[in-house]
Amino acid sequence: MDTGDNKPIWREETIHSKPIFQGRVISLQVDTVALPDGKEATREIVRHPGASAVMGLMDGKLLVVDQYRKPMDKFQIEIPAGKLDAGEDPMEAAARELEEETGYRAKELKLVSAFYTSPGFADEKLYLYFSDQLEAGEQRLDEDEDLRVEAITMEEADAYIAEGRISDAKTILAVYAWKLYVNTGKI
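All of these numbers come straight from a predicted model, not from anything done at the bench. Every chain is numbered on its own, with residues counted from 1 as its sequence reads. In keeping with the predicted nature of the model, local features appear solely for residues at pLDDT of at least 70, side-chain atom pairs appear and are counted solely at 80 or more, and the whole-chain, interface and lining totals rest on all residues. Side-chain calculation: all heavy atoms of the structure are included, whereas hydrogens and water are not.

Re the overall build of the protein
The way it works is that DSSP assigns letters per residue, a run of H or I at least four long becomes a helix, a run of E at least two long becomes a strand, and they are numbered from the N terminus. The helix and strand inventory of the protein stands at three helices and twelve strands. Over its C-alpha atoms, taken along the principal directions, the protein stretches across nearly 60 × 40 × 30 Å. Exposure is judged per residue with a 1.4 Å probe applied to protein chains only, and the accessible area is read against the type maximum: over 50% gives exposed, under 20% gives buried, and values in between give partly exposed. A buried classification covers 37% of the 187 residues belonging to the protein. When contacts within the protein are restricted to residue pairs at least 6 apart in sequence, long-range pairs at least 24 apart make up 54% of them. In this description, accessible areas are obtained by the Shrake-Rupley approach with a 1.4 Å probe, and a residue is regarded as covered only by the protein chains that are shown. Carbon and sulfur atoms make up 50% of the accessible area of the protein, which totals about 11300 Å². Under this rule, positive means Lys or Arg and negative means Asp or Glu; His and the chain ends count for nothing. Lysine's charge is taken at NZ, arginine's at CZ, aspartate's at CG and glutamate's at CD. Of the side-chain charges in the protein, 23 are positive and 37 negative, and the distance between the mean point of each set is 3 Å. The criterion used for residue contact is that any of the two residues' heavy atoms lie within 4.5 Å.

Comments concerning helix α2 (residues 154-163)
All of the buried residues in α2 are Met-154, Ala-157 and Tyr-160. The buried side chains of α2 occupy one side of the element, clustering within an arc of 120° when seen end-on. Turned more than 90 degrees from where α2 packs its buried face, Glu-155, Ala-162 and Glu-163 sit exposed. Against β6 (74-78), β12 (147-152) and α3 (169-184) lie the buried residues of α2. Once α2 finishes, Gly-164 follows within two positions and takes phi at roughly 85°, a positive value. Each C-beta atom gives one direction from the helix axis, and the arc is the one those directions make.

Digging into the packing of aromatic side chains
Pairing of aromatic rings covers Phe, Tyr and Trp, the last through its six-membered ring, and needs centres within 6.5 Å; plane angles under 30 degrees mean stacked, over 60 mean edge-to-face, and all others mean tilted. Counted under the stated rule, the structure contains two aromatic pairs. Each ring, one from Tyr-68 and one from Phe-75, has its centre 5.5 Å from the other, and the planes form 65°; the classification is edge-to-face. Classification of Phe-75 as exposed rests on a relative accessible area of 57%. Judged by centre distance (4.8 Å) and plane angle (55°), the ring pair of Phe-130 and Tyr-181 falls under tilted. Linking Phe-130 in strand β10 (residues 125-131) with Tyr-181 in helix α3, this pair joins segments that are 51 residues apart in sequence. Among the residues examined, Tyr-181 registers a relative accessible area of 23% and is labelled partly exposed. Sitting over a ring, as applied to charges here, requires NZ of Lys or CZ of Arg to be within 6 Å of the ring centre and within 35 degrees of the ring normal. One residue, Arg-165, lies across the ring of Tyr-160, its end atom 4.6 Å from the ring centre.

So, the environment of Ala-95
On the secondary structure map, Ala-95 appears in helix α1 (residues 90-102). On the basis of relative accessibility, which here comes to 31%, the residue Ala-95 falls in the partly exposed class. When the C-alpha positions of Ala-95 and Ala-106 are compared, they lie 6.6 Å apart, and in sequence the two are eleven residues distant.

Topic: the sheet that holds strand β3 (residues 40-47)
One open sheet holds the three strands; their spatial order is β1-β2-β3, and the pairing between them is antiparallel. Of all strands in the sheet, those bounded by a partner on one side alone are β1 (13-22) and β3. Neighbour-to-neighbour, the strand axes of this sheet turn through a mean angle of 20°, independent of strand direction. A strand pair is defined by DSSP finding two or more bridges across the two strands. Sheet topology places strand β2 (residues 27-34) next to β3; eight bridges connect them, and they run antiparallel. Each bridged residue has a counterpart across the sheet, and for Val-33 the counterpart in β3 is Ala-41. Simply put, an axis is a line fit to the C-alpha atoms, just over the touching stretch for a helix, and the angle between two N-to-C directions goes from 0 to 180 degrees.

This is the structure we're talking about:
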């Protein structure tokens, strides 16, 4: 591929892959790759089954959960989300996670975007869905989940982003998609 500066972009071929860790949610491997100059380099790669999230609107407010996130050692406000089970359809996972975490069901879900969360070291792909047709369901938190459900205004979302209470990519993307929806009527 030509980048415009006449320098080709190359594909790194894997010479060797070494499994390091296999957990419930992720695995870690270290790959040795061949570079075009004949040298070798290592790549630490996190494998993740993927996840789904829901940008749910109720009465003009965004449905979020407030929960403690150990990797960041802080409370975080996020849209409902969770990992895909093996072979699970991302839309079904989004519907499941929305109801389990918030107690609301979506009558309809529309895909907003699917994106890689950290492509420099992980293969996690997140599917973001939208619904403004929510109805009461049944909250069923996992035994290790403790969270508070809220419906926030756009002004609150902006303030939470400024304060760092919303600081994850999926929720920030959802807030900006919500603004686009309010201004254009399109997702």
